[in-house]
Amino acid sequence: RRACLSVPAAHGSRRGKAVVRAAFEQFDTNGNGVVNIEDLKLSFRTAEHPDYLTNQRSETDIFNEFLHNFETLSTNGQITLSEFEEYYESIGALITSDAHFEEVVRSAWNLEGASGGHCLRVHITDSWGRGQRVDIRGDLGVDRHHPRFLEYVKSKLRKKGHDDVARIEIMGRY
């Protein structure tokens, strides 16, 4: 077992823990508190890693390094919420502000409320003709050419409270 710092400052706040839990839950597809390798491979895109793009490392090497960061309690190919939280405790030791810690986690995992990272930007119009720009964070799991792409977008919009959507214009990824 590796030594771990217990730092209540950035990681210990209720909001900080909630953000870390939200990041974990986006990978825990069945809600059992454990993320397995297959779940991670669906979300962590090694083919977009700079070392892979420049032929310096293989996708397997990059993925194994990523997995190793979180396997602090055991090396069984699974990541538990406890392991995920322990990893972020050590990150929290380096960040003095709760707000900055939350932003780092949100941006790293592309969570709602992040100011960094990427999002799908859409312009929606409701049945009354009122329009607004909406940023959708979190991976849809499909690209814009998938036959059910708009269904996935509408589902994300409903989760954000946009139930009355008459028209969607895809503005791009930002």
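Look above for the structure.
So, here's what we can say about the structure. Values in this document were obtained by computation on a predicted structure and should not be read as measured data.

### Focus on the overall build of the protein chain
Within the protein chain, the secondary structure is distributed over seven helices and five strands. Written out in order from the N terminus, the α and β elements of the protein chain read α-β-α-α-α-β-α-α-β-β-α-β. Buried positions account for 34% of the 174 residues belonging to the protein chain. Considering only contacts in the protein chain between residues 6 or more positions apart, those separated by 24 or more positions represent 51%. With the model as given, the accessible surface of the protein chain reaches about 10,600 Å², and the carbon-plus-sulfur share is 49%.

### Quick notes on the pattern of salt bridges
For the structure on display, the rule yields eight salt bridges. Among the ionic pairs, Asp51 bridges to Arg57, the shortest N-O distance being 3.0 Å. Judged by relative accessible area, which is 24%, Arg57 ranks as partly exposed. Taking the shortest distance from any N to any O, the salt bridge between Arg133 and Asp135 comes out at 3.8 Å. In the salt-bridge network here, residues are joined through shared partners; they are Asp51, Arg57 and Glu65.

### Digging into helix α6 (residues 98-108)
Inspection of α6 places Phe101, Glu102 and Val105 among the buried residues, and these make up the whole buried set. Relative to the axis of α6, the buried residues are bounded by an arc of 95 degrees and lie together on one face. Of the surrounding elements, those touching the buried residues of α6 are α1 (14-25) and α5 (81-92). The N-cap residue of α6 is Ser97: its side-chain oxygen and the backbone nitrogen of Ala99 are 3.3 Å apart. One or two positions beyond α6, positive phi appears at Asn110, with a value near 55 degrees.

### Quick word on the pairing of strand β4 (residues 131-136)
Sheet analysis places strand β3 (residues 120-125) next to β4, joined by six bridges and oriented antiparallel. Paired with Ile124 across the bridge in β4 is Gln132.

### Details of the nonpolar core
Membership of the largest hydrophobic core comes to 19 residues, with the highest contact counts inside it found for Leu40, Phe70, Ile79, Phe84, Tyr88, Val105 and Trp109. Of all the secondary-structure elements, those providing two or more residues to this core are α1, α4 (59-70), α5 and α6. Excluding residues that lie within four positions of it along the chain, Val105 makes contacts with Val19, Val20, Ala23, Tyr88 and Leu111. Formed by eleven residues, the second largest nonpolar core is a distinct cluster that contains Ile136, Leu140, Val153 and Ile168.

### Quick look at the packing of aromatic side chains
The full count for this structure, using the stated rule, is seven aromatic pairs. An aromatic cluster is defined as three or more aromatic residues linked by ring pairs; in this entry it consists of Phe24, Phe63, Phe66, Phe84, Tyr87, Tyr88, Phe101 and Trp109.

### What about the packing of α5 against α6?
Contact geometry of α5 with α6 gives a least axis separation of 11 Å together with a crossing angle of 130 degrees. In this view, α5 runs oblique relative to α6, as classed from their interaxial angle. The two elements α5 and α6 cross, and the hand of that crossing is right-handed. Packed against α5, whose contacting residues are Tyr88, Ile91 and Gly92, the element α6 presents Phe101, Val105 and Ala108 at the interface. Its residues assigned to classes, the contact of α5 with α6 shows five nonpolar, one polar and no charged.

### Topic: helix α7 (residues 149-159)
Residues spaced three or four apart along an α-helix point in a common direction, a consequence of the helix completing one turn every 3.6 residues. Buried residues of α7: Phe149, Val153 and Leu157, and no others. Each buried residue of α7 sits inside an arc of 70 degrees when the element is viewed along its axis, so together they form one side. Those residues of α7 hidden inside the fold are in contact with β3, β4 and β5 (167-173).

Rules used throughout
Residue positions within a chain follow its written sequence, with the count starting from 1. Thresholds applied to this predicted model are a pLDDT of at least 70 for local features of residues and 80 or more for the giving and counting of side-chain atom pairs; totals over whole chains, interfaces and linings are not thresholded and use all residues. To obtain the side-chain values, all non-hydrogen atoms of the structure were used and water was disregarded. Each helix is a run of H or I in the DSSP string that is no shorter than four residues. Each strand is a run of E no shorter than two, and both are numbered from the N terminus. A simple rule labels every residue: compare its accessible area, found with a 1.4 Å probe on the protein chains alone, to the largest value its type can have, and call it buried under 20%, exposed over 50%, or partly exposed in between. We call two residues in contact when some of their heavy atoms are within 4.5 Å. All accessibility values rest on the Shrake-Rupley procedure with a 1.4 Å probe; residue burial counts only the protein chains present in the view. Here, a salt bridge means any Lys or Arg side-chain nitrogen found within 4 Å of an Asp or Glu carboxyl oxygen. Relevant arc is that of directions from the helix axis to the C-beta atoms, nothing else. Between N or O atoms, a polar contact is any pair within 3.5 Å; within protein, one atom must be a potential hydrogen donor and the other a potential acceptor, and residues adjacent in sequence are included only when both atoms are from side chains. Whether two strands pair depends on DSSP finding at least two bridges between them. Buried residues of nine kinds, namely Ala, Val, Leu, Ile, Met, Phe, Trp, Tyr and Cys, make up a nonpolar core once their side-chain atoms join them within 4.5 Å. Pairing of aromatic rings covers Phe, Tyr and Trp, the last counted by its six-membered ring, and requires centre-to-centre distances within 6.5 Å; plane angles under 30 degrees mean stacked, over 60 mean edge-to-face, and any other angle means tilted. All axes are obtained by fitting lines to C-alpha atoms, using only the stretch in contact for helices, and the reported angles, taken between N-to-C directions, cover 0 to 180 degrees. Roughly parallel here means an angle under 35 degrees, roughly antiparallel means over 145, roughly perpendicular means 65 to 115, and every remaining angle is called oblique. A crossing counts as left-handed when the near helix is turned anticlockwise from the far one by less than a right angle, and as right-handed when that turn is clockwise. Residue polarity follows a fixed list, in which Ala, Val, Leu, Ile, Met, Phe, Trp, Tyr, Cys and Pro are nonpolar, Asp, Glu, Lys and Arg are charged, and the others, Gly among them, are polar.

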